[in-house]
Amino acid sequence: MKVTIVDIGPEEEEEIILRCRSLDDDMVKIINRLKQGGTKLTVYKDGGMFFVEAEEVFYFESVDQKVFAYCKSEVYQVKSKLYELLDELPGWMFLRVSKSVILSLNKIKSLTPAFGGRYEALLKNGEKVIISRQYVGALKERLGV
């Protein structure tokens, strides 16, 4: 896929043109994402319901049949399963890195090789997440490493 960005003058209207052979599921997701703006997630904490932007989430983790969203300083419960979140979240931003974790690629500060072919991701909030060896290849591909 080729991406072209053209600078325009202040008097010109911004415009997005998608050229594709067919309107597949990926293109429909892109169109919906552009129309909606940011992806808001419904999360829960202390009996309350909150709304957070997907960009605020560092990672999602499944623990004891429950899914949690880890933000900079808050942890919320999410009612969706991990596989459902993968369909809802912007695919360019999030990647499954183990059976129990979906990681925001924008929140990675550094990667370090770990024991057994795994990697450890240090996140911008200081937390560490282990990337399982079966997901390391996909992570490297997405990061262009």
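Residues numbered from 1 in each chain as written. Predicted model: local features only at pLDDT ≥ 70, side-chain atom pairs only at ≥ 80, totals over all residues. Heavy atoms only, no water.

Turning to the overall build of the protein chain, a few remarks are in order. Broken down by element type, the protein chain carries three helices and ten strands. Put simply, the protein chain runs from its N terminus to its C terminus through helices and strands in the order α-β-β-β-β-β-α-β-β-β-β-β-α. For the protein chain, the residues scored as buried account for 29% of the 145 residues in total. With the model as given, the accessible surface of the protein chain reaches about 10400 Å², and the carbon-plus-sulfur share is 50%. When the 22 positive and 22 negative side-chain charges of the protein chain are each reduced to one mean point, those points stand 8 Å apart. (Helix = DSSP H or I, 4+ residues; strand = E, 2+ residues; numbered from the N terminus. Buried < 20%, exposed > 50% of the residue type's maximum accessible area, 1.4 Å probe, protein only. Areas by Shrake-Rupley, 256 points an atom, 1.4 Å probe, with all protein chains shown as cover. Lys, Arg positive; Asp, Glu negative; His and termini not counted. Charge placed at Lys NZ, Arg CZ, Asp CG, Glu CD.)

The next point concerns a nonpolar patch on the surface. On the surface, a nonpolar cluster with roughly 250 Å² of combined accessible area is contributed by I16, L18 and I30. Following the sequence through the fold, I30 ends up in helix α1 (residues 25-36). (Patch = residues over 30% accessible without salt bridge, like charges linked within 9 Å, V, L, I, M, F, W, Y side chains within 5 Å. Salt bridge = Lys/Arg side-chain N within 4 Å of Asp/Glu carboxyl O.)

One open sheet accounts for three strands, arranged β8-β9-β10; its pairing is antiparallel. Both edges of this open sheet fall to β8 (108-113) and β10 (128-131), since each of them pairs with a single strand only. Neighbouring strand axes in the sheet, compared pairwise and without regard to direction, differ in orientation by 25° on average. Its contacts with the sheet place helix α3 (residues 133-143) against β8, β9 (119-123) and β10, and it is angled at close to 105° to β10. (Pairing = 2+ DSSP bridges. Axes fitted to C-alpha atoms, helices over the stretch in contact; angles between N-to-C directions. Contact = heavy atoms within 4.5 Å.)

Another point: the pairing of β10. Judged by which residues are buried, β10 turns out to be one-sided: V129 and I131 face inward and are buried, whereas K128 and I130, on the alternate face, are not. Both β9 and β10 contribute to a ladder of four bridges, which runs antiparallel. Counterpart to A121 in the pairing with β10 is V129. Adjacent in sequence and paired antiparallel, β9 and β10 are bridged by four residues, among which G126 carries a positive phi angle near 95°.

Turning to the side chain of S104, a few remarks are in order. Here S104 shows up in strand β7 (residues 101-104). Sequence-distant contacts of S104, defined by excluding residues within four places in its chain, comprise V57, F58, M93 and F94.

Moving on, we get to the pairing of β8. Relative to β9, β8 is paired through five bridges, and the arrangement is antiparallel. What sits directly across from S110, in β9, is L122. Where β8 hands over to β9, the hairpin turn is made up of five residues, of which G116 adopts a positive phi near 75°.

Moving on, we come to unusual backbone geometry. Notably, D46 is not glycine yet its phi reads approximately 50°, a positive angle. Residue placement: D46 occurs in the loop between β1 (40-45) and β2 (48-53). Classification of D46 by relative accessible area gives exposed; the value is 76%. The phi torsion at D64 lies on the positive side, around 50°, for a residue other than glycine. Inspection of the secondary structure assignment puts D64 in the loop between β3 (59-63) and β4 (66-70).

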